[in-house]
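The residues making up each chain are set out below.
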Amino acid sequence: NVQVKENFLNEDNFLNYNYSPVSPLAVGQIKPNSNKIPLWVATPTSNAVHRVLIDSKGAKPSKLVRTGSWPTSVARWARVDAPSYLLVTQCGRDSLGFINLSSQRLEDAIRVGDEPAHVLVDHSSPKNPVAYVALSGENRVAKIDLLTRKVVAKADVGRDPRAMALDVSLGRLFVASLISLNAHPQGPLSKGKPVDSSLQRDISVIDTDTMKVKGLVAEVGTILRGLWLSPEKPHKLLLALTDAANTTLNVNADSKPHRHRIAVIDPVKA
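Residues numbered from 1 in each chain as written. Predicted model: local features only at pLDDT ≥ 70, side-chain atom pairs only at ≥ 80, totals over all residues. Heavy atoms only, no water.

K.L.:
What is the right way to look at the overall build of the protein in this model?
P.N.:
Counting its secondary structure elements, the protein contains 0 helices and 19 strands. In the protein, 41% of the contacts between residues at least 6 apart in sequence involve partners at least 24 apart. Of the roughly 15200 Å² that the protein leaves accessible, carbon and sulfur atoms contribute 50%. (Helix = DSSP H or I, 4+ residues; strand = E, 2+ residues; numbered from the N terminus. Contact = heavy atoms within 4.5 Å. Areas by Shrake-Rupley, 256 points an atom, 1.4 Å probe, with all protein chains shown as cover.)

Here is the structure:
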């Protein structure tokens, strides 16, 4: 017999999960004279983040902290004279969660926008710390005042933003769109007709002070999955992408419609 329970499904239960984590790892605070490195891992299908301890012997799972549905990205907000937090995007709840790293509990959450996918923390001004959240469901990026825990600005970017990189020295936030609508007319049904140039917003370049888009990088790739800023100077943007070339209408198991690459972009010229 099959038993049906009316209250089985709630806001944190989903039959189909279609999000892959964008930035699911964050290093916690390392205690003095300790040989263990705490690592926080977003586990979307468990609706939680997991604390993992790493030492010379390997990795050992530790505390599991419930977060709400679909945690896709985590970032540590390090503070000197106050508790530090782990920020987590709760994609299924349209919110940004605050995990107190002292108590290791979800302390608060604020509504930020439709389907937050990635969070970055700007530590350059400790008195005015901010975070940036890519809102994949509304094609925008939100700026969060971490002290007041409020959304203070939003900027329109390309379609389905998932990955970001921050260059503090330039005051620029780079936002990559997963489905970028670039002008790659490679399919047999496109007849060589390019996409409208106004829609070619592979990477949006945002001024972090004004939250205005100051530039666009077009025709980088078909699917843009990850974006990082190299630590060495002069900085470079590293972009993980997939090119799609649907050149046949028939089923062909030997075809290679996808090519996976790493692109290197000069942030100064972007």
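K.L.:
Is there a simple way to explain the pattern of salt bridges in this structure?
P.N.:
Oppositely charged side chains are able to pair whenever their charged atoms sit close together. Under the definition given, this model contains 9 salt bridges. Measuring nitrogen to oxygen at the nearest pair gives 3.0 Å for the salt bridge that ties Arg 140 to Glu 138. Of the charged contacts in the structure, one is a salt bridge between Asp 243 and Arg 261, with a shortest N-O distance of 2.6 Å. Note that Asp 243 is positioned in strand β18 (residues 237-244) and Arg 261 in strand β19 (residues 258-265), a separation of 18 residues in sequence. Residues joined by salt bridges that share partners form a network here, namely Glu 107, Asp 108 and Arg 149. (Salt bridge = Lys/Arg side-chain N within 4 Å of Asp/Glu carboxyl O.)

K.L.:
Before we go on, may I ask you to explain a nonpolar patch on the surface in this structure?
P.N.:
Taken together, the side chains of Trp 228, Leu 238, Ile 262 and Val 264 present a nonpolar region at the surface, about 400 Å² in accessible area. Relative to the assigned elements, Leu 238 resides in strand β18. (Patch = residues over 30% accessible without salt bridge, like charges linked within 9 Å, V, L, I, M, F, W, Y side chains within 5 Å.)

K.L.:
Any chance you could explain the sheet that holds strand β7 (residues 95-100) here in plain terms?
P.N.:
Remark on secondary structure: sheet strands pair via backbone hydrogen bonds, oriented parallel or antiparallel. Overall, antiparallel pairing links the 4 strands, which are arranged β5-β6-β7-β8 in an open sheet. The open sheet has two edge strands, β5 (71-77) and β8 (105-111), and neither has a second partner. Direction aside, neighbouring strands of the sheet carry axes that sit 25° apart on average. Sheet topology places strand β6 (residues 85-90) next to β7; 6 bridges connect them, and they run antiparallel. Its bridge partner lying in β7, Thr 89 is registered against Leu 96. (Pairing = 2+ DSSP bridges. Axes fitted to C-alpha atoms, helices over the stretch in contact; angles between N-to-C directions.)

K.L.:
I'm lost on unusual backbone geometry in this one. Help?
P.N.:
Negative phi is the rule for most residues except glycine; trans is the rule for most peptide bonds. Of the consecutive residues Lys 233 and Pro 234, the connecting peptide bond is found in the cis state with omega at -5°. With phi around 55°, Asp 160 is a residue other than glycine that occupies positive phi space. When you line up the elements, Asp 160 lands in the loop between β12 (150-156) and β13 (161-167). For Met 211, which is not glycine, the phi dihedral falls at a positive 55°.

K.L.:
Just to check I follow, could you spell out the sheet that holds β18 for this structure?
P.N.:
Sheet architecture is open: 3 strands sit in the order β17-β18-β19, paired in antiparallel fashion. Lying at the two open borders of the sheet, with one neighbouring strand each, are β17 (223-229) and β19. Sheet twist, expressed as the average angle between the axes of neighbouring strands with direction ignored, equals 20°. The sheet contact formed by β17 and β18 spans 6 bridges and is antiparallel. Residue pairing in the sheet places Leu 224 in a bridge with Leu 241 of β18.

K.L.:
Please explain the nonpolar core as it appears in this structure.
P.N.:
One broad trend across soluble globular proteins is that nonpolar side chains are buried collectively. Membership of the largest hydrophobic core comes to 17 residues, with the highest contact counts inside it found for Ala 176, Ile 203, Leu 227 and Leu 239. Elements represented by at least two residues in this core include exactly β13, β14 (172-177), β15 (203-207), β17, β18 and β19. Considering each element in turn, this core owes the most residues, 3 residues, to β18. With sequence-adjacent residues up to four places away left out, Ala 176 is seen in contact with Asp 160, Pro 161, Arg 162, Ala 163, Asp 202, Ile 203, Leu 224, Leu 227 and Leu 239. Trp 77, Ala 131, Ile 144 and Leu 146 belong to the second-largest nonpolar core, a separate cluster that totals 16 residues. (Core = buried A, V, L, I, M, F, W, Y, C linked by side-chain atoms within 4.5 Å. Buried < 20%, exposed > 50% of the residue type's maximum accessible area, 1.4 Å probe, protein only.)

K.L.:
In this structure, what is going on with the side chain of Lys 143? I would like to understand it.
P.N.:
As for its placement among the helices and strands, Lys 143 is situated in strand β11 (residues 140-145). No salt bridge is formed by the buried Lys 143; its nearest oppositely charged neighbour, Asp 209, is found at 5.3 Å. For Lys 143, the residues in contact, after removing those within four places along its chain, are Val 130, Ala 131, Tyr 132, Lys 150, Val 151, Val 152, Ala 153, Thr 208, Asp 209 and Met 211. (Lys, Arg positive; Asp, Glu negative; His and termini not counted.)

K.L.:
Explain the environment of Lys 57 to me, please; I cannot follow it from the model alone.
P.N.:
Positionally, Lys 57 belongs in the loop between β3 (48-55) and β4 (58-66). With 21 residues separating them in the primary sequence, Lys 57 and Lys 36 have C-alpha atoms 9.9 Å apart.

K.L.:
How should the packing of aromatic side chains be read in this particular structure?
P.N.:
To describe a pair of aromatic rings, you give the distance between the ring centres and the angle between the ring planes. Summed over the entire model, instances satisfying the criterion amount to 2 aromatic pairs. For the ring pair Tyr 85 and Phe 98, a centre distance of 6.1 Å and an interplane angle of 80° mean the geometry is edge-to-face. Highlighted residues: Tyr 85 in strand β6 and Phe 98 in strand β7, separated in sequence by 13 residues. Tyr 85 gets classed as buried once you look at its relative accessible area, which sits at 5%. Cluster of aromatic residues (ring-pair linked, three or more members): Trp 77, Tyr 85 and Phe 98. Positioned over the ring face of Tyr 85 is Arg 149, at 5.0 Å from the centre of the ring. (Phe/Tyr/Trp six-rings, centres within 6.5 Å; stacked < 30°, edge-to-face > 60°. Lys NZ or Arg CZ within 6 Å of the ring centre and 35° of its normal.)

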